[in-house]
Amino acid sequence: MSCLEIKDLTVRFRMPGGALTAVDQVSLSFCGSHPSAVEHDVPVGATRDPSGPYGRSLALVGETGCGKSVLALAVLRLLPQNAEVSGQVLFGGQDLLALSERELSRLRGDRIAIVPQNPSLSLNPVLSIGRQITEVYAIHRGERRGDSSGKAAYLLQKLGFDDAGRRLSMYPSQFSEGMNQRVLIAASVALEPQILLADEPTKGLDQDLKKEVIRELKLVTGSWDTALFLITHDLEAARTLCQSIAVMYSGEIIEQADTGSFFREPLHPYTQALRQSLPENGFQPIAGISPTLSEPPSGCRFHPRCSRVMEICKNRRPELLNHSGRAVRCYLYR
Ligand code: SF4
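Reading the values: rules and limits
Residues numbered from 1 in each chain as written. Predicted model: local features only at pLDDT ≥ 70, side-chain atom pairs only at ≥ 80, totals over all residues. Heavy atoms only, no water. 1 Å grid on protein atoms, 1.4 Å probe; cavity = no way out; pocket = protein on both sides within 12 Å on 5 of 7 lines; lining within 4 Å. Points joined across faces, edges and corners; volume = space filled by probe spheres on them. Nonpolar A, V, L, I, M, F, W, Y, C, P; charged D, E, K, R; others polar. Pairing = 2+ DSSP bridges. Helix = DSSP H or I, 4+ residues; strand = E, 2+ residues; numbered from the N terminus. Axes fitted to C-alpha atoms, helices over the stretch in contact; angles between N-to-C directions. Contact = heavy atoms within 4.5 Å.

**Q** Just checking my understanding: could you explain empty space enclosed by the protein for this structure?
**A** Rolling a probe over the atoms, with the probe sized like a water molecule, indicates the empty space that remains. Here the structure, examined in full by the defined rule, presents three cavities of 30 Å³ or more. What lines the largest cavity is a set of 15 residues, among which Cys 300, Cys 306, Cys 313, Cys 330 and Tyr 331 lie closest to the centre. Residue composition of the lining of the largest cavity, grouped by class: eleven nonpolar, two polar and two charged.

Given below as structure tokens:
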């Protein structure tokens, strides 16, 4: 069983005028073959049960700028130099934040892989598709490129490319955006990672391409026994691909639940508003604007937008506690 456990992760950026906290004491975990979950009646992060009911795919959802992509990059230590990261990211008994760069690079792209946000920027335009996939085998397994081209063609075929052998010699500019996204997914799963971290894989894609990418990720998690950590603003993608969902708002987790409960009966007023913004509920916009990470509101960070705000909400930050087997950060559930 391969678990990824994020404990009290905080990310601050040193800025010219001070510091900005993008991720604030986030604790999350899930496992490759078994789920993890929060326990009843304890603050999240205090005790965890890796055989809990949440499932082996976790979506971290939230509006743009809430800190979720920063969290994803922090897990793999891909943040810029002005980031200060504290907490732990445990995987296979090791804290990824404490490994040397050499030790980490052996894991990254091998046992933990990432599908980055933007295929056009992530693929090298002057290298063939085949070269970019076989590179993974060369770096992590020491295989000669010629020896792994058959595996690269098999991956492309598995991800829906016809005439996959011929495609290997083509370049990203000869592929559509959706095809390049599939190439990135192929390169990410080449070594059958235990955890696949997909950062906004549907962002900026039209509806048809979104469906295509979701279908490929579903195929990957089904075929390779790979656990998915999906970072997305796209609730439909989260619903289709993941067994549990955590909601991030202004740098902190405000609710976590299994996917069925999340859509059936969201608890936090922000999560309820998110659900109401879905097409099936008439695209009802969420009132107010997202706070900036540089100036989060006092108390409950959602209080300026909350229709059920109470006096206590304005000054005291609610803890993330369990309610009926789910985690929620809101005074309505005390
Ligand atoms: Fe609304 Fe208060 Fe709950 Fe925050 S803690 S979501 S302001 S009711």
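**Q** What is the right way to read the sheet that holds strand S2 (residues 18-31) from this model?
**A** Within a sheet, neighbouring strands are paired by backbone hydrogen bonds and run either parallel or antiparallel to one another. Spatially, four strands are ordered S2-S1-S6-S7 in an open sheet, and the strand pairing comes out antiparallel. Two strands in the sheet have a free side with no partner beyond their single neighbour: S2 and strand S7 (94-95). Note: strand S6 (residues 83-91) against S7, two bridges, orientation antiparallel. Note that in S7 the partner of Phe 91 across the bridge is Gln 94.

**Q** Explain the sheet that holds strand S11 (residues 244-249) to me, please; I cannot follow it from the model alone.
**A** On the basis of which strands lie adjacent, the open sheet formed by eight strands has the order S8-S9-S10-S5-S11-S12-S14-S13 and mixed pairing. With one partner strand each, in any of the chains shown, strand S8 (112-115) and strand S13 (321-323) form the two edges of the open sheet. This sheet shows a mean twist of 25° between the axes of neighbouring strands, independent of strand direction. Sitting on the sheet, helix H1 (residues 68-75) touches strand S5 (57-61), strand S9 (195-199), strand S10 (227-232) and S11, and the angle it makes with S10 is about 140°. Contacts between helix H11 (residues 269-276) and the sheet are confined to S11 and strand S12 (252-258), with S11 contributing the most and set at about 110° to the helix.

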